[in-house]
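Remarks on the overall topology
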Amino acid sequence: MITWNNLDTLASFKELEGVKKVNLAEVMAGENGAERVKNYSVPMAEGFAYNFAAKQVDDEVLEGLKKLAEEAQLTEKFEALYNGEVINTGEKRLVLHHMTRGQLGNAVEADGVDKRTFYTEQQKKIAEFANKVHAGEITNGAGEKFTTVVQIGIGGSDLGPRAMYLALENWAKKNGKFKMEAKFISNVDPDDAAAVLNSIDVAHSIFVLVSKSGTTLETLTNESFVKDALKNAGLDASKHMIAVTSETSPLAKSDDYLAAFFMDDYIGGRYSSTSAVGGAVLSLAFGPEVFAQFLDGAAAEDKLATNKDVMQNPAMLDALIGVYERNVLGYPSTAVLPYSQALSRFPAHLQQLDMESNGKAVNRFGEPVDYVTGPVIFGEPGTNGQHSFYQLLHQGTDIVPLQFIGFKNSQIGTDVVIQDSTSQQKLCANVAAQIVAFACGKADENRNKNFEGGRPSSIIIGDQVTPESLGALLAHFENKVMFQGFLWNVNSFDQEGVQLGKVLAKRVLAHETDGALKVFSDLLNI
Ligand SMILES: O=P(O)(O)OC[C@H]1O[C@H](O)[C@H](O)[C@@H](O)[C@@H]1O
């Protein structure tokens, strides 16, 4: 029997609050620290390891976290989720994104169909379509091959696919898998669509309109923007556009598209990179085989997340340490710091994934909770971040837990030796140095130059950003966020908090305003 309880009602949580806090600077110093780095590491899929040596935990805290995982029934809740229970209580929906990349539990039937069959059929259709585009069997009106794919979408219909495309672009070019360049239009700022349209050859571009609901103002506006551009170029828009949406959306019934591919309400936007939402653009850009490899990596990581043993379940451990930092140590935010240029937009994707999922002040039954939930997530790739906001991370008044991601190898492989080391070695040297600098600090008589240390971080270390490893990394964070939602007893799968602003914006555009809204509207010349 699963019971959904608030974090502060769990005996194991109360016990954890009483456990002696770890002095990170102390435990990370000397031989002891070296031992921790060797031992506090959990294998992940696709050659990754999650190393938490520099987190503010010890064996006693870990014991407490294991008890918490058990009492909060994390494994059982995940099991219920992938077996098709209505986990999204706010919207009364199942949560099935894991099914887009594998089958963890039972077959799930919903809306009269087997869901796994539905998702794989969509993938097959996308693969066939992409292969035909690449083979020149599906062409523009003049019978010429498409060379560019442009995704139009926002939020979950943009961030994940864009981050994944950028992560694999150079890998694909290097490995002979690059089929088409991809561009993305998301913002309703007209400069976004205009700039993208100016940068491409519209006559040889295929546009993927992505909107699960089919009602998102920004996306529909940008669709019209693009259709206008196609018309102005004397082109038939319906020969240049495909749609990815849910079967119940208004877009699903339209004849305006060359083809339509479907996801459904059981795949949250921010969890949709492995569905048709990521599938269409990534299959067109790199070929369906690459997209399938990406799904394999995600599936492998999902499997690990089913493990009952916390020490063999990196996503669960990461989640538990995060909750410990948030609710016991009281740290307000988390920085995600990939030391990889390929992951330049990965932090932006994680911002939505994490903050839209767990930025909640009521539990899954709609009752207010008496504890803090999701942290503020931000990040930039290293080393760029080091020359930007690391000052605050090292010496600011807030302690910000850090999640480093590092790779032994670059993607392109071109490198130079300057001052006896390659750029890749310099990159990796920096991440190693940062972990120790944050954890251990350095005493100095000059207070201004003093580093307290005690600033916790973890690192996920991998070989290279490849389709498989990227899939695994994505699934790790999706599962981490899910487990944290279980611990906080919030519904991680709805996002009511984004509605009010949308409603008020509509009122502004309809000139139905008064008070502050009216004055702001006037100030902005609407
Ligand atoms: O895919 P769509 O239905 O167009 O939704 C796009 C995005 O907009 C909404 O406002 C939500 O906050 C996001 O979760 C969603 O991903």
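Here the residue numbering is sequential within each chain, running from 1 through the sequence in written order. Reporting in this predicted model follows two pLDDT cut-offs: at least 70 for local features of residues, and 80 or more for side-chain atom pairs to be given and counted; totals over whole chains, interfaces and linings ignore these cut-offs and use all residues. Side-chain metrics rest on all non-hydrogen atoms present in the structure, leaving aside hydrogens and water.

The name given to the chain in an unreviewed UniProt entry is Glucose-6-phosphate isomerase, and the organism recorded there is Blautia intestinihominis. Its UniProt record, at the heading Sequence similarities (unreviewed entry), says of the chain: "Belongs to the GPI family." UniProt positions are given in the numbering used here, feature names are shortened, and annotations may be inferred rather than shown by experiment.

Near residues are defined by distance, with any heavy atom within 4 Å of the molecule or strand qualifying the residue. S157, S211, S213, T216 and E356 are the nearest of the 14 residues found near the ligand. Whenever two N or O atoms come within 3.5 Å, that pair is a polar contact, provided that in protein one can donate a hydrogen and the other can accept it, and provided that, for residues adjacent in sequence, both atoms are side-chain atoms. K212 has a polar backbone atom sitting 2.8 Å from an oxygen atom of the ligand. In the model, an oxygen atom of the ligand is placed 2.5 Å from a nitrogen or oxygen of the T216 side chain. Computed with a 1.4 Å probe, the accessible areas rest on the Shrake-Rupley method; for each residue, only the protein chains presented here act as cover. With the chains in place, 87% of the 390 Å² that the ligand exposes on its own is no longer accessible.

A few words on the packing of aromatic side chains. Two descriptors summarise a pair of aromatic rings, namely the distance from one centre to the other and the angle between the planes of the rings. By convention, a stacked pair of Phe, Tyr or Trp rings (six-membered ring in the case of Trp) has centres within 6.5 Å and planes under 30 degrees apart, an edge-to-face pair has planes over 60 apart, and any other such pair is tilted. Tallied over the full model, the rule gives 20 aromatic pairs. Their ring planes at 75° and their centres at 5.8 Å tell us that F346 and F477 sit as a pair that is edge-to-face. On the criterion of sequence distance, the pair formed by F346 in helix α13 (residues 346-358) and F477 in helix α16 (residues 467-488) is long-range, its members being 131 residues apart. Like F346, the residue F477 is buried in the burial classification. Cluster of aromatic residues (ring-pair linked, three or more members): Y339, F378, F389, Y390, F404 and F438. A positively charged side chain is recorded as over a ring if its NZ (Lys) or CZ (Arg) lies within 6 Å of the ring centre. The angle to the ring normal must also be within 35 degrees. Its guanidinium or amino end placed over the ring of F118, K115 lies 4.4 Å from that ring's centre, counting from NZ or CZ. Segments assigned H or I by DSSP are reported as helices when at least four residues long, segments assigned E as strands when at least two residues long, and all are numbered from the N terminus. Exposed residues in this analysis have more than 50% of their type's maximum accessible area, buried residues have under 20%, and partly exposed residues fall in between, with area computed by a 1.4 Å probe over protein chains only.

So, on to the environment of P332. Along the polypeptide, P332 turns up in the loop between α12 (314-328) and β10 (333-339). Placed 43 residues apart in sequence, P332 and P375 show a C-alpha to C-alpha distance of 5.5 Å. By definition in these notes, contact holds between two residues if any of their heavy atoms fall within 4.5 Å. Each residue touching P332, except ones within four places of it in the same chain, is listed here: R326, P375, V376, D398 and I399.

Here we take up the pairing of strand β15 (residues 457-462). By the criterion of burial, β15 is predominantly enclosed, with five of the six residues buried. Direction of pairing for strand β2 (residues 49-51) relative to β15: antiparallel, over a ladder of three bridges. Within β15, the position partnered with Y50 by the bridge is I460. When strand β12 (residues 402-407) meets β15, the two strands line up parallel, connected through six bridges. Pairs of strands are assigned from DSSP output, requiring at least two bridges between the strands.

Quick look at the environment of A243 now. Note on placement: A243 falls in strand β8 (residues 241-246). In this structure the C-alpha to C-alpha distance between A243 and V208, which are 35 residues apart in sequence, comes to 5.6 Å. Apart from residues lying up to four places away in sequence, A243 is in contact with L209, Y257, A259, A260 and F261.

Turning to the UniProt feature "active site" (unreviewed entry) in the chain, a few remarks are in order. Per the UniProt annotation, the sites labelled "active site" (unreviewed entry) are E356, H387 and K502. Spatially, the listed residues are scattered: they cover 147 residues, and their C-alpha atoms lie as much as 36.1 Å apart. Among the annotated residues just listed, those lining the largest pocket are E356 and K502. For H387, the location among the structural elements is in the loop between β11 (376-378) and α14 (390-395). When its relative accessible area of 69% is taken as the criterion, H387 is described as exposed. Tracing the backbone through its elements, the reader meets K502 in helix α17 (residues 499-509). K502 sits in the partly exposed class, given a relative accessible area of 46%. Think of a 1 Å grid over just the protein atoms. A cavity is a set of points where a 1.4 Å probe fits yet cannot get out, a pocket is an open set with protein on both sides within 12 Å along at least five of seven lines, and lining residues have an atom within 4 Å of a point.

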